[in-house]
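# Chain and residue survey
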Amino acid sequence: IPISTATFGVFYPLTVATFFNLSLPMELLRHALLVVMVTLSHIITSILLLAFGYNVNKLKLPRLRYSSSVYDRLGVAFSWRWSPYRGFEKRFSVWHIFLPTVDWFLSNRRKYAGSLSRFLREKFACCGLSLGSQPEIPYFSASAM
């Protein structure tokens, strides 16, 4: 499910800004890529089979499966700002967020079992990393969550 946000603001010192953000689940992006690859291979195979007089089977597309234990999204952000001091500015950035639940983390990392796992289950719902890039300084950003 895509998530999009739009924000408009007026700030002091005088700055007028608007922000747009759009993100998609990584599962959806992977599935779309897989569907394109399966469809192209089916078209090529169908052309070859028909050229040699064989019957063509019906295309079967894989089902989309969402993960209940990982929150994984890829997004883009756009912003435009105007102020009398700095003029017009625009910024574009791409970001990726990966937030596995503690259950996923513990089931895939057996070395953290014991008292640490009990502490994590009691105190945290998920933990992860957010990475971003943009064309201006600073070029990269990272946040631990």
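Residues numbered from 1 in each chain as written. Predicted model: local features only at pLDDT ≥ 70, side-chain atom pairs only at ≥ 80, totals over all residues. Heavy atoms only, no water.

The pairing of strand 1 (residues 3-11) with strand 2 (residues 15-25) spans nine bridges and is antiparallel. Note that in strand 2 the partner of Phe 11 across the bridge is Thr 15. (Pairing = 2+ DSSP bridges. Helix = DSSP H or I, 4+ residues; strand = E, 2+ residues; numbered from the N terminus.)

Here we take up the pairing of strand 3 (residues 70-83). Sheet analysis places strand 2 next to strand 3, joined by 10 bridges and oriented antiparallel. Each residue of the ladder has a partner; that of Pro 25, found in strand 3, is Arg 73. Pairing between strand 3 and strand 4 (residues 87-100): 14 bridges, direction antiparallel. Paired with Trp 82 across the two strands is Phe 88, which belongs to strand 4. Linking strand 3 to strand 4, which pair antiparallel, is a turn of three residues.

It is worth stressing that arrangement in space is one thing and function is another; only the former is reported here.
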